[in-house]
Amino acid sequence: QWQLVESGGGLVQPGESLRLSCRASGFRLEYYAIGWFRQAPGKDYESLSCIGRDDTTNYVDSVKGRFTISRDNANNRAYLDMRSLKPGDTAVYFCGAEDSCRTWQNPMSFDYWGQGTPVTVSL
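This is a predicted model, so every value here is computed, not measured. (Residues numbered from 1 in each chain as written. Predicted model: local features only at pLDDT ≥ 70, side-chain atom pairs only at ≥ 80, totals over all residues. Heavy atoms only, no water.)

(A) Inspection of the overall build of the protein chain at higher detail. In terms of helices and strands, the protein chain carries zero helices and 11 strands. Listed N to C, the secondary structure of the protein chain is β-β-β-β-β-β-β-β-β-β-β in terms of helices and strands. A globule of 123 residues ought to have a C-alpha radius of gyration of about 14 Å, and the protein chain, at 13 Å, matches this closely. In terms of overall dimensions, the protein chain has C-alpha extents of about 40 × 25 × 25 Å along its principal axes. Within the span of the protein chain, comprising 123 residues, buried residues form 46% of the whole. Long-range contacts, defined as pairs at least 24 residues apart, comprise 60% of the intrachain contacts of the protein chain with a sequence gap of at least 6. Roughly 6400 Å² of accessible area belongs to the protein chain as shown, and the carbon and sulfur atoms make up 45% of that amount. (Helix = DSSP H or I, 4+ residues; strand = E, 2+ residues; numbered from the N terminus. Rg over C-alpha atoms; globule rule 2.2 N^0.38 Å. Buried < 20%, exposed > 50% of the residue type's maximum accessible area, 1.4 Å probe, protein only. Contact = heavy atoms within 4.5 Å. Areas by Shrake-Rupley, 256 points an atom, 1.4 Å probe, with all protein chains shown as cover.)

Here you go:
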């Protein structure tokens, strides 16, 4: 119960696009803010984006204009649409759920996490 599952990762070439999906089970995602995070090889967890219950969005500068967060409450899902991907975007990507986006820049503020889906951007 109270599970989040990420999917959609894979190997893509620089400049291509990819959609990541976050599915909630055991609870209704509509009652929570949703964040996306990543961990690149040898680096700390990095907060990327957050979408609130009112659909207000936040983005870190490194992905702003390239990544788009969205949610589909009817299907208990959230998404991260990534375009113009760079080799530096290579990481394991996670989604998380929390009461709000007030502390979204701290990944540890999100109580519920998925298992992660790996994204590799390479020729």
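(B) Geometry of the state of the cysteines. A full pass over the atoms with the stated rule returns two disulfides. Between the sulfur atoms of C22 and its disulfide mate C95 the distance is 2.1 Å. Around the S-S axis, the bridge from C22 to C95 shows a dihedral of about 70° and counts as right-handed. Here the residue C22 occupies a position in strand β3 (residues 18-25), and C95 occupies one in strand β9 (residues 91-98), the gap between them amounting to 73 residues. Residue C22 shares its accessibility class with C95, and that shared class is buried. A disulfide bridge connects C50 with C101, and the sulfur atoms are separated by 2.0 Å. When the S-S torsion is -85°, as for the bridge of C50 with C101, the disulfide is left-handed. Pair noted here: C50 is in strand β5 (residues 45-51) and C101 is in the loop between β9 and β10 (112-113), with a separation of 51 residues, a long-range link. For the pair shown, C50 and C101 are each scored as buried. Along the protein chain, the cysteines engaged in disulfide bonds are linked according to the scheme 1-3, 2-4 when indexed in sequence order. (Disulfide = S-S within 2.5 Å.)

(C) The packing of aromatic side chains, seen in detail. Tallied over the entire structure, the rule returns 11 aromatic pairs. Each ring, one from F37 and one from W113, has its centre 4.7 Å from the other, and the planes form 20°; the classification is stacked. Highlighted residues: F37 in strand β4 (residues 33-39) and W113 in strand β10, separated in sequence by 76 residues. The exposure class assigned to F37 is buried, which follows from its relative accessible area of 0%. Here a set of aromatic residues connected by ring pairs shows up, and it is made of F37, Y45, F94, F110 and W113. Lying across the ring of Y79, R19 places its NZ or CZ 4.4 Å from the centre. (Phe/Tyr/Trp six-rings, centres within 6.5 Å; stacked < 30°, edge-to-face > 60°. Lys NZ or Arg CZ within 6 Å of the ring centre and 35° of its normal.)

By themselves, these figures tell us nothing about what the structure is for.
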